[in-house]
Amino acid sequence: MAEITRTLHRKTGNFLEDFRPGQVFRHKGGKTVTEGLFTTFTEFAMTSNPLAKNARYARAYGYQGLVVPPGLAMLVAFSQTVEDVSENARTNREYIDMRFGAPLYVGDTIEVETKVLGIVPHRKIDNLGIVHVQSTARKNVGASDEAVVMTWQRKVDVFKRDPVAELHSGEAEPDAVDCELWLPPFDAGADYKSMAHLSSADSYFEDFEVGTRIEHSRGRTMTTEHIHLTAILDNTSQVHCNQFMIDQDPKRYVGGQLIIFGGIPFTLCLGLSSPDIGDNALGDICYPTGRHTAPLFAGETVFAATEIHALRDHPDRPDLGIVEARLLGHKFQADPAAEKDSENAPAGWKKVPIFELERQIAVKRRSHYA
Amino acid sequence: MAEITRTLHRKTGNFLEDFRPGQVFRHKGGKTVTEGLFTTFTEFAMTSNPLAKNARYARAYGYQGLVVPPGLAMLVAFSQTVEDVSENARTNREYIDMRFGAPLYVGDTIEVETKVLGIVPHRKIDNLGIVHVQSTARKNVGASDEAVVMTWQRKVDVFKRDPVAELHSGEAEPDAVDCELWLPPFDAGADYKSMAHLSSADSYFEDFEVGTRIEHSRGRTMTTEHIHLTAILDNTSQVHCNQFMIDQDPKRYVGGQLIIFGGIPFTLCLGLSSPDIGDNALGDICYPTGRHTAPLFAGETVFAATEIHALRDHPDRPDLGIVEARLLGHKFQADPAAEKDSENAPAGWKKVPIFELERQIAVKRRSHYA
Amino acid sequence: MAEITRTLHRKTGNFLEDFRPGQVFRHKGGKTVTEGLFTTFTEFAMTSNPLAKNARYARAYGYQGLVVPPGLAMLVAFSQTVEDVSENARTNREYIDMRFGAPLYVGDTIEVETKVLGIVPHRKIDNLGIVHVQSTARKNVGASDEAVVMTWQRKVDVFKRDPVAELHSGEAEPDAVDCELWLPPFDAGADYKSMAHLSSADSYFEDFEVGTRIEHSRGRTMTTEHIHLTAILDNTSQVHCNQFMIDQDPKRYVGGQLIIFGGIPFTLCLGLSSPDIGDNALGDICYPTGRHTAPLFAGETVFAATEIHALRDHPDRPDLGIVEARLLGHKFQADPAAEKDSENAPAGWKKVPIFELERQIAVKRRSHYA
């Protein structure tokens with residue numbers, strides 16, 4: 001055995017002073033979507049759209065097979081950026097202009113690049129700043145079906161390594177990324193009606209009404225399963241999986257316990273809304289903005305609601321309409337002083353919003369499909 | 001943003017007064033069996049039959065590949081009926097005449113229909129009644145290998161929505177469903193013996209004796225994993241996954257905690273019995289009847305036993321015999337007053353039966369296979 | 001119903017007096033690697049080598065597709081031997097000469113044989129002895145790509161069934177097993193550099209220095225997920241999954257609680273070391289020796305470090321070097337008396353080594369690949 005003469009403490013991820021406007025990260029790893037990942041996440045979140053459940057249905061609609069739902073596409077693509085962008089972050093501040101392109105299938109391999117659009121010091125907290133990035137996920141790089149699967153911007157609060165380091169403050173222009181939702185062509189000869197019983201009967205474009213808020217009926221209690229789920233996404237942030245680190249200095253970390261990766265309530269809220277909102281969608285077009293408004297911990301139960309804000313014709317597709325909606329996630333916290341409130345929190349409980357997301361969804365018209 | 005002018009509380013599933021004799025549900029969704037689902041459930045339950053573990057063995061026996069074991073086929077098919085039939089149920093009362101047909105493989109897509117056979121008000125509880133249904137699961141609808149995978153009846157206690165609603169009491173005849181266990185032909189030229197070491201040596205037809213009770217050696221402690229498992233089956237019943245709902249009114253729910261979906265002990269007991277009973281089975285022919293006799297909760301350990309009640313020749317297959325058995329599941333509950341009893345519960349513990357199932361199994365004869 | 005006239009208590013696995021020098025077990029079951037198993041384990045352990053994440057990368061390097069990492073190959077192969085060799089063991093004592101051969105892919109089926117090399121009574125404990133075995137795992141037996149995937153020896157402490165039974169003490173020669181790490185040929189025309197951003201930039205052969213200890217930055221808290229993980233590996237040892245058994249006699253079992261299967265920290269430590277050590281490896285050649293030095297329980301957080309002990313040219317491959325290293329796993333235990341020590345345990349905590357493994361790894365040279 002060799003004598004050990006030096007010890008390295010490897011640290012991963014960048015700190016605030018490491019970022020430069022215009023800098024581009026080609027992220028490590030990449031990720032092939034296996035049937036294992038697909039099942040774990042699609043179904044964990046109670047996604048009900050048959051495009052993600054029933055391969056016969058998906059193929060009849062013109063897809064190659066089971067379609068990865070947008071929540072899982074987001075989880076896979078986003079997680080690829082964590083080590084470079086947010087391993088040393090305190091919190092994810094905002095999702096911006098998240099757009100979907102080519103469909104993602106089991107067997108496809110995702111690779112992601114990120115461009116730094118801005119670095120701004122925090123106004124009040126010395127060792128913190130806001131990093132603004134644009135990320136783009138491609139599938140099957142170099143193959144004939146190479147395509148952009150999604151692109152998005154986000155702002156994230158990143159710690160400094162050295163509290164007195166100079167920042168490379170500044171801005172860079174976002175790249176113009178060609179990323180528009182691929183839609184299977186409407187086939188006038190196809191017998192869509194024979195499969196109409198497989199999706200919910202009351203979530204066609206004609207069923208939505210501007211000004212409606214839909215409280216989705218189901219809740220889902222999260223367990224410590226989140227540690228495993230986060231690991232299999234390659235999300236390496238230690239605040240999700242290293243209890244010992246948190247026990248050393250609980251006050252430094254939100255809630256003094258392992259916090260659930262934000263992508264999980266993101267996906268779970270999409271899933272909980274799915275029977276009422278997404279069952280007859282052909283895809284999510286974009287999420288103009290979104291944010292987490294409170295942390296989520298193991299043992300808490302997640303609920304969701306959707307507000308319908310606008311209904312538009314699809315510019316090219318008479319068989320589809322576009323629903324503009326806001327997805328809202330919440331949990332309840334015990335609060336002995338709370339009386340039963342107007343938002344349906346029972347007495348003794350306080351409703352705590354945890355997530356909100358603007359969505360534009362391409363939804364089938366009953367006139368064409370049922 | 002549009003102003004929100006109305007709020008909808010979406011409720012899913014039918015209540016007692018919604019059912020009508022003869023009514024048919026074509027269930028939503030459907031489900032493609034992925035390798036993710038297959039692994040999670042087959043192996044979670046400690047299934048040991050090599051047909052479900054070893055693709056070389058399964059193909060050599062004449063199957064297309066790994067065979068979905070009956071417990072998982074049941075879980076997938078049964079769960080498809082939950083939203084329409086039992087989302088608003090208190091409990092599942094009885095399984096009746098569950099029969100298996102075509103083998104189910106990874107990649108196959110299951111779709112299920114249910115016919116209502118009867119509605120009977122509960123004798124003592126005003127807001128409850130018994131719904132009797134017949135369900136049939138087909139695979140690969142519309143394709144050349146479309147086939148019935150299984151069919152079964154069940155009785156379930158369903159709540160009324162409106163305590164004073166009139167019921168559509170009455171009965172309907174069950175459909176005659178052609179569903180007989182598919183068996184790969186015996187190939188006199190095949191070298192089955194060269195693979196005989198891959199299954200247990202003492203579970204051939206010749207090894208069983210009427211009047212024997214076999215206590216299976218293994219136990220398995222369930223964890224809160226059941227929440228995730230139930231979600232990925234598309235079983236949407238809230239009593240399995242919504243702790244907040246239960247915390248609001250614990251007395252209304254069995255045990256005041258999340259109850260484990262009955263399909264999980266069903267499958268787990270089959271798995272625990274597998275090394276002693278099912279390792280040399282080519283399939284389960286039918287389950288004439290079965291029921292849950294106590295609930296199961298996270299943290300409890302499940303055990304199983306099998307009683308051998310009859311042994312019959314297979315009418316068409318000299319290489320096989322039919323074992324008629326009763327599968328019994330149990331757990332133990334702390335009971336300070338309990339002395340060590342004749343059924344092997346240790347002092348201080350009471351044995352609690354949780355599940356029983358009549359089984360008819362097609363089992364290989366050693367004379368032909370080993 | 002037949003009257004039950006006898007009850008059998010089936011026990012599985014061998015006891016110390018059942019083993020004979022030279023005896024060969026052809027283990028039951030076998031196991032096909034599904035995408036479900038692959039994802040659950042590869043990613044659970046935070047493995048970062050793109051060969052196990054990115055099918056495009058793996059194929060470009062000359063593999064058929066995603067490569068099962070050595071930790072998962074070990075888990076699958078080792079678990080096949082548990083019922084016959086160590087179902088009735090107290091503890092696994094030592095891994096010896098574990099060597100890797102053909103690459104293992106999703107879809108491959110593993111079958112394992114074990115030869116008994118020695119039986120020695122324990123010096124101090126009457127009902128215990130050491131069984132020394134050699135196991136070999138083949139894939140796709142009988143097919144054109146049949147190959148040895150790995151071979152290893154281990155020593156395990158096995159209980160006697162009957163405390164006064166005579167042992168078959170003695171020794172047998174190990175078989176000479178042809179098992180050398182398969183390496184994809186170096187292709188001078190391939191554009192490896194275009195993919196170099198997908199693996200870590202500082203873990204090429206040139207980056208290692210003898211005498212260095214690398215503390216890997218990440219920790220991973222284990223949960224009761226280990227019960228499920230162990231079950232899906234077919235590891236049937238009851239000390240990992242039967243809480244009731246342990247509650248009957250806590251003192252008999254290590255720590256009085258379910259102990260985590262040693263293969264899990266084995267794999268997890270490999271995964272935690274992966275970004276710093278294994279990201280540019282083409283494979284693990286062998287593990288000359290390894291052992292568990294303390295048990296691991298749910299709720300504890302695992303960390304790892306690697307010491308670099310030797311660096312050698314690869315005898316046949318100028319594009320590769322061989323790194324000889326020692327992988328070390330540890331956890332921390334609360335210890336009010338402990339002061340902050342030189343090994344970086346914080347005050348109030350004691351560092352507890354749990355695992356050590358000698359590794360020889362075939363690592364790419366930057367000169368050829370980046």
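### Some thoughts on the interface of chain B and chain A
Chain B puts 43 residues into the contact, and the matching count from chain A is 47 residues. In total, about 4000 Å² of surface goes out of reach between chain B and chain A, with carbon and sulfur atoms giving 53% of it. The interface formed by chain B and chain A includes six salt bridges. Arg 218 of chain A is the salt-bridge partner of Glu 83 of chain B, the closest N and O atoms lying 3.0 Å from each other. On inspection of chain B and its partner chain A, the count reaches 26 residue pairs in polar contact (both at pLDDT 80 or more). Judged from the four bridges that link them, strand β9 (residues 212-215) of chain A and strand β1 (residues 6-9) of chain B form a sheet pairing that is parallel. From the neighbouring strand, Ile 214 of chain A faces β1 of chain B, where its bridge partner is Leu 8 of chain B.

### Focus on the pattern of salt bridges
For side chains of opposite charge, pairing can occur when their charged atoms come near one another. For the structure on display, the rule yields 81 salt bridges over all chains. For Arg 6 of chain C, the salt bridge is made with Glu 209 of chain B, and the minimal N-O distance between the two is 3.4 Å. With Arg 6 of chain C in strand β1 (residues 6-9) and Glu 209 of chain B in the loop between β8 (170-171) and β9 (212-215), the pair connects residues from two separate chains. For Arg 6 of chain C, a relative accessible area of 30% gives the class partly exposed.

### What about unusual backbone geometry?
All names here are of chain A. One non-glycine residue, Asp 97, adopts positive backbone phi at about 50°. Examined against the element boundaries, Asp 97 turns out to sit in strand β4 (residues 89-100). Here Asp 97 falls in the partly exposed class, since its relative accessible area comes to 30%. Backbone geometry at Asn 140 places phi at a positive 50°, although glycine is not the residue there. Taking relative accessible area as the criterion, Asn 140 reaches 11% and is therefore assigned buried.

### Focus on the packing of helix α3 (residues 70-80) of chain C against helix α7 (residues 263-278) of chain C
All names here are of chain C. Following both chains from N to C, one finds α3 and α7 inclined at 170°, their axes separated by 9 Å at the closest point. Here α7 runs roughly antiparallel to α3, going by the angle between their axes. For the pair formed by α3 and α7, the contact residues are Gly 71, Met 74 and Leu 75 on the first element and Gly 263, Ile 264, Phe 266, Thr 267 and Leu 270 on the second. Class assignment of the residues belonging to the contact of α3 with α7 gives a composition of five nonpolar, three polar and no charged.

### Looking at the interface of chain B and chain C
Facing 47 residues of chain B, the contacting portion of chain C comprises 42 residues. For the pair chain B and chain C, the interface holds six salt bridges. Inspection of the chain B/chain C interface yields 26 residue pairs in polar contact (both at pLDDT 80 or more). Only α1 (35-44), α2 (55-60), β9, β10 (220-221), α5 (225-232), β12 (301-313), β13 (320-334) and β14 (349-364) of chain B provide two or more residues apiece to the side of chain B that touches chain C. Of all the elements, α1 of chain B adds the most residues to the side of chain B that touches chain C, at six residues. Looking at the side of chain B that touches chain C, its residues break down into 14 nonpolar, 17 polar and 16 charged.

### Brief notes about the relation of the copies chain B and chain A
After a rotation of 120° and a shift along the axis of 0.0 Å, chain B superposes on chain A with an RMSD of 0.0 Å. This pairing of chains is accounted for by a three-fold axis. Looking at the rotation axis and the C-alpha trace of chain B, the residue lying nearest is Gly 36 of chain B, at 2.2 Å. The residues that chain B uses at the interface reappear at the interface of chain A in only 5% of cases, marking distinct surfaces.

### Quick look at the confidence of the model for chain A
Residues and elements named next belong to chain A. Predicted confidence across chain A gives a mean pLDDT of 93, with 99% of residues reaching 70 or more. When the elements of chain A are averaged for pLDDT, helix α1 (residues 35-44) gives the smallest value, 84, and strand β11 (residues 281-292) the largest, 98. Model confidence for the complex is summarised by a pTM of 0.93, with the ipTM given as 0.91.

### So, the side chain of Asn 49 of chain B
Residue and element names in this part refer to chain B. In this structure, Asn 49 sits in the loop between α1 and α2. Judged by its relative accessible area of 9%, Asn 49 is buried. If near-sequence neighbours (up to four positions away) are discounted, Asn 49 is found in contact with Ser 274, Gly 278, Asp 279, Asn 280 and Ala 281.

### Some thoughts on the relation of the copies chain B and chain C
Once chain B has been moved 0.0 Å along the axis and rotated by 120°, it coincides with chain C to within an RMSD of 0.0 Å. Mapped onto chain C, only 4% of the interface residues of chain B again fall at the interface, so the copies present different surfaces.

### Things to note about the packing of α1 of chain B against helix α3 (residues 70-80) of chain B
Residues and elements named next belong to chain B. At a minimum axis distance of 9 Å, the contact between α1 and α3 shows a crossing angle of 120°. The angle between α1 and α3 places the two elements in the oblique class. For the pair α1 and α3, the sense of crossing is right-handed. Here Leu 37, Phe 38, Phe 41 and Thr 42 of α1 come into contact with α3, specifically with Leu 72, Leu 75 and Val 76. Of the residues belonging to the contact of α1 with α3, the class tally is six nonpolar, one polar and no charged.

Thresholds applied
Residues numbered from 1 in each chain as written. Chains lettered and ligands numbered in written order. Predicted model: local features only at pLDDT ≥ 70, side-chain atom pairs only at ≥ 80, totals over all residues. Heavy atoms only, no water. Contact = heavy atoms within 4.5 Å. Buried area = accessible area lost by both parts, 1.4 Å probe. Salt bridge = Lys/Arg side-chain N within 4 Å of Asp/Glu carboxyl O. Polar contact = N/O pair within 3.5 Å; in protein donor to acceptor, adjacent residues only side chain to side chain. Pairing = 2+ DSSP bridges. Helix = DSSP H or I, 4+ residues; strand = E, 2+ residues; numbered from the N terminus. Buried < 20%, exposed > 50% of the residue type's maximum accessible area, 1.4 Å probe, protein only. Axes fitted to C-alpha atoms, helices over the stretch in contact; angles between N-to-C directions. Parallel < 35°, antiparallel > 145°, perpendicular 65-115°, else oblique. Nonpolar A, V, L, I, M, F, W, Y, C, P; charged D, E, K, R; others polar. Least-squares fit on C-alpha atoms with pLDDT ≥ 70 in both. pLDDT = per-residue confidence, 0-100. Left-handed = near helix turned anticlockwise from the far one by under 90°.

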